[in-house]
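Summary of the model geometry
Spelled out, the chains give:
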Amino acid sequence: MNEKLTLSYEVPADDFTRAGEASGSVKGMLKKMGVAPDIVRRVAIAMYEGEINMVIHAHGGTINVTISPEEIEMVLKDEGPGIEDIELALQPGFSTAPDNIRALGFGAGMGLLNMKKNSDEMVIDSTVGVGTTVTMKVYIK
Amino acid sequence: MTIGNICRVLGAKYITGEEYADREVHSACGSDMMSDVLAFVKDQAVLLTGLCNQQVIRTAEMMDIVCVVFVRGKQPDECMISMAKERGIALMTTEHRMFSACGILYENGLRGGMSYL
């Protein structure tokens, strides 16, 4: 694989049952391409957490994934409410998810931290009232 | 411990994936919070949960979890079953409650994975 491959996904708004479709598709693609299993899993976890966040907090959005021989880049963009205090949002256990989301098994306040942990680079660009873009990179080499 | 052994010691019933009975499971995680499951990484794990929705199967998929045990006799719906089939994940249900199910597996030599926090 010498060329870059770009994949684009629409994350549907407020459809919790479909959250994870994009991450599952990327995971399957990377597996087929023969990417090392630990890299595949890190990408899958980071992207899935992000995808769930987009559904819970931001009425969906778009995810662009670029796969190159060196790295996998995921850009998750939404036009949701934005993150007021990013540092606080990264604290383990801090969550603004409503109770109905907790009843579905999410909203423990681990998501952003887990995204950071599973990626080699993560940049959060967020403006309250405008939206959030999270860019994550996982190095292949 | 194999998936088949887990099924036997828990007195569980397969919902799908009986053909994976010989597959080895190296660790276990018991949780209803998928957020916590996602923060736990260990190869070839079994997940015990009382949560019964599609995100359980998705979480298992992302984490390479090979078997999901639903406690307290919970039954996944058709959609969850077909998702698990597509992904090669064994599903079973046991009448035991979470604490007892985890205890039985622990007693039989299965251990928890490493959490990163």
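Quick summary incoming for the structure in this document. (Residues numbered from 1 in each chain as written. Chains lettered and ligands numbered in written order. Predicted model: local features only at pLDDT ≥ 70, side-chain atom pairs only at ≥ 80, totals over all residues.)

1. Focus on the overall build of chain B
Within chain B one finds five helices and five strands. When the helices and strands of chain B are placed in sequence order, the string is α-β-β-α-β-α-β-α-β-α. Taking 2.2 N^0.38 as the reference for a compact globule, 117 residues should give roughly 13 Å; the C-alpha atoms of chain B span a radius of gyration of 12 Å, in line with that estimate. The principal-axis extent of the C-alpha atoms belonging to chain B is close to 30 × 30 × 25 Å. (Helix = DSSP H or I, 4+ residues; strand = E, 2+ residues; numbered from the N terminus. Rg over C-alpha atoms; globule rule 2.2 N^0.38 Å.)

2. Some thoughts on the sheet that holds strand β3 (residues 71–78) of chain A
All names here are of chain A. On the basis of which strands lie adjacent, the open sheet formed by five strands has the order β1-β2-β3-β5-β4 and antiparallel pairing. The two strands at the open ends of the sheet, each matched to only one other strand, are β1 (5–11) and β4 (121–127). Each strand axis lies, on average, 10° off the axis of its neighbour in the sheet, ignoring direction. Strand direction decides the pairing type here: β4 and strand β5 (residues 131–139), joined by seven bridges, are antiparallel. Within the sheet, the bridge partner assigned to M122 lies in β5 and is M136. (Pairing = 2+ DSSP bridges. Axes fitted to C-alpha atoms, helices over the stretch in contact; angles between N-to-C directions.)

3. Thoughts on the interface of chain B and chain A
Taken together, the contacts link 17 residues of chain B with 21 residues of chain A. Mapped onto the side of chain B that touches chain A, the elements with two or more residues apiece are α2 (34–38) and α3 (54–63) of chain B. With five residues, the single largest contributor to the side of chain B that touches chain A is α3(B). (Contact = placed C-beta atoms within 7 Å.)

4. Focus: unusual backbone geometry
Here the phi dihedral of A:D14 falls at roughly 55°; this positive angle occurs in a residue that is not glycine. Inspection of the secondary structure puts A:D14 in the loop between β1 and α1 (21–32). In this structure, B:D64 takes a positive phi of about 55° despite not being glycine. Among the structural elements, B:D64 can be located in the loop between α3 and β4 (67–70).

5. Some thoughts on the sheet that holds strand β5 (residues 90–93) of chain B
All names here are of chain B. Taken in spatial order, the five strands of this open sheet run β1-β5-β4-β3-β2, and their pairing is mixed. Taken across any chain shown, the strands that pair with only one partner, and hence form the sheet edges, are β1 (13–16) and β2 (27–30). If you compare each strand with its neighbour and ignore which way they point, the axes differ by 25° on average. Of the pairings in the sheet, the one linking β1 to β5 comprises three bridges and is antiparallel in character. Residue pairing for β5: Y14 is matched across the bridge by M92.

6. Things to note about the pairing of β5(B)
Residue and element names in this part refer to chain B. Across the two faces of β5 the burial is the same, with A90 and M92 and L91 and T93 all buried. Pairing of β4 with β5 involves four bridges; the strand directions are parallel. Among the inter-strand pairings, F70 is bridged to a residue of β5, identified as T93. Once the chain exits β4 it traverses helix α4 (residues 78–87) before rejoining the sheet at β5, and the crossover so formed is right-handed. (Buried ≥ 20, exposed ≤ 12 C-beta atoms within 10 Å, placed from the backbone. Right-handed = clockwise from strand over helix to strand, strands pointing away.)

Note that all results are geometric; they support no functional claim without further evidence.
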